[in-house]
Amino acid sequence: MKKAVIFGAGQIGTMFARLLGKEYRAVCFADNSEKKQGTLSGGLPVLSLKDALGQGVDCCVIGVLDEERAGQMERQLADCGFSGEILRAGQLNRLDPRLATMRLWAEALERDKVEGDIAELGVFRGEFAAHINAAFRNRRFHLFDTFEGFASSDLEVEQEKGFFKNRFQDFSDTCQELVLERMPFREQAVIHKGHFPETFDGLSGERFAFVSLDADLYEPTVQGLRLFYECLSPGGVIMVHDYNSTQYEGVKQAVDEFCEAYHQYPIPVCDLHGSAVIRKPRD
């Protein structure tokens, strides 16, 4: 079994450590941040790169997705004289556990004859939505987004609760037309543009079988869980993105509060951004 160091103790590196196959065993993290050095991440010590390579590792995982940063980290390894195997977290983009989980749920919901439409809250440019549309081709697909980035009121709540870290992506680089062009079954798509939950008005009588909740922030996640769960058919599924995320901590807080109130348990998905699944029990 190869001993591996995960270079980068952030969200991507932490999840990649869990995704390593049986031929590898992560023994530590390396990180250039002195604030992280000396701490634990995912139960593993975080060390300087020099100290991490001194653990006799055979393999180094580059725990970032950004290609430029990954290249810089590989050059840093070379400067340290590391000549072992190097893996990049970006290689996992070819195999997406979140997509695979969604597709399996699509098959299960059809098999179990769970009735209802499907929805996504937090569409951005529609990359994941296009795959949902393909997997649920015979169901009406509700797409909820401001298509203008985060609402200021939601960011204020995030800051009040101590979740705001001044590093949120803007998510305003999108539009309805771009998203609709991505849909393989565009005739099924219904756009709900604006601030959620106002855009949910008039839909309380609808039934949903599958919901992708990717709102990133605490308040829309709270509202999305509450409203969609009430309309979820027995056996229906809500898949929440970023539940085990170190960047969007408000999502975990919202899900944990919801599960406590509704006597549920979030089922983790080991994708790079730490999704979770909630399934409504049968009547």
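Remember, predicted model here, so these are calculated numbers, not experimental data.

**Student:** Whenever I open this one, the overall build of the protein chain confuses me. Can you help?
**Tutor:** A count of helical and extended segments in the protein chain gives 9 helices and 13 strands. Over its C-alpha trace the protein chain gives a radius of gyration of 20 Å, about what one expects of a compact globule, namely 19 Å for 283 residues. Dimensions of the protein chain, computed from C-alpha atoms along their principal axes, come out at roughly 60 × 40 × 40 Å. A buried classification covers 51% of the 283 residues belonging to the protein chain. Relative to all contacts within the protein chain whose residues are 6 or more apart in sequence, the contacts with residues 24 or more apart total 69%. Counting only carbon and sulfur atoms, one obtains 47% of the accessible surface of the protein chain, whose full area is about 14,000 Å². Across the protein chain, 32 positive and 44 negative side-chain charges occur, with their mean positions spaced 6 Å apart.

**Student:** Whenever I open this one, unusual backbone geometry confuses me. Can you help?
**Tutor:** With the exception of glycine, most residues fall at negative phi, and the peptide bonds are largely trans. A cis amide bond, omega 20°, links Phe 196 with the succeeding residue Pro 197. Along the chain, the position of Pro 197 falls in the loop between β9 (189-193) and β10 (208-213). Even without glycine at this site, Asp 216 takes up a positive phi of about 75°. Here Asp 216 is to be found in the loop between β10 and α8 (218-231). The backbone phi angle of Asp 242 is positive, close to 70°, even though this residue is not glycine.

**Student:** Would you mind showing me how to read the sheet that holds strand β13 (residues 276-279) here?
**Tutor:** Strands in a sheet are paired, the pairing made by backbone hydrogen bonds, and the direction either parallel or antiparallel. Spatially, β9-β8-β7-β10-β11-β13-β12 is the arrangement adopted by the 7 strands of the open sheet, whose pairing is mixed. What marks the edges here is a single partner per strand, and that holds for β9 and β12 (267-268). Judged from the 5 bridges that link them, β10 and strand β11 (residues 232-240) form a sheet pairing that is parallel. Along β11, the bridge assignment pairs Phe 208 with Leu 232. Against the sheet, helix α4 (residues 97-111) touches β7 (117-121), β10, β11 and β13, its axis set at about 175° to β11.

**Student:** What exactly am I supposed to notice about the pattern of salt bridges here?
**Tutor:** Opposite charge on two side chains permits them to pair, given that their charged atoms come into close proximity. Taken as a whole and assessed by the stated rule, the structure comprises 14 salt bridges. Across the salt bridge formed by Arg 140 and Glu 206, the nearest N and O atoms sit 3.0 Å from each other. In this pair, Arg 140 sits in the loop between α5 (127-135) and β8 (141-145) while Glu 206 sits in the loop between β9 and β10, placing the two residues 66 residues apart along the sequence. We classify Arg 140 as partly exposed; its relative accessible area is 36%.

**Student:** Mind showing me how you'd approach the packing of helix α6 (residues 152-160) against α8 here?
**Tutor:** When two helices pack together, their arrangement is given by the angle between the helix axes and by the axis-to-axis distance. As a packed pair, α6 and α8 sit with axes 7 Å apart at the nearest point and diverge in direction by 105°. On the basis of their axis angle, the class for α6 and α8 is roughly perpendicular. Counting all contacts with α6, which are made through Asp 154, Val 157 and Glu 158, the residues of α8 involved are Tyr 218, Glu 219 and Pro 220. For the contact of α6 with α8, the per-class residue count stands at 3 nonpolar, no polar and 3 charged.

Rules used in this analysis
- Residues numbered from 1 in each chain as written.
- Predicted model: local features only at pLDDT ≥ 70, side-chain atom pairs only at ≥ 80, totals over all residues.
- Heavy atoms only, no water.
- Helix = DSSP H or I, 4+ residues; strand = E, 2+ residues; numbered from the N terminus.
- Rg over C-alpha atoms; globule rule 2.2 N^0.38 Å.
- Buried < 20%, exposed > 50% of the residue type's maximum accessible area, 1.4 Å probe, protein only.
- Contact = heavy atoms within 4.5 Å.
- Areas by Shrake-Rupley, 256 points an atom, 1.4 Å probe, with all protein chains shown as cover.
- Lys, Arg positive; Asp, Glu negative; His and termini not counted.
- Charge placed at Lys NZ, Arg CZ, Asp CG, Glu CD.
- Pairing = 2+ DSSP bridges.
- Axes fitted to C-alpha atoms, helices over the stretch in contact; angles between N-to-C directions.
- Salt bridge = Lys/Arg side-chain N within 4 Å of Asp/Glu carboxyl O.
- Parallel < 35°, antiparallel > 145°, perpendicular 65-115°, else oblique.
- Nonpolar A, V, L, I, M, F, W, Y, C, P; charged D, E, K, R; others polar.

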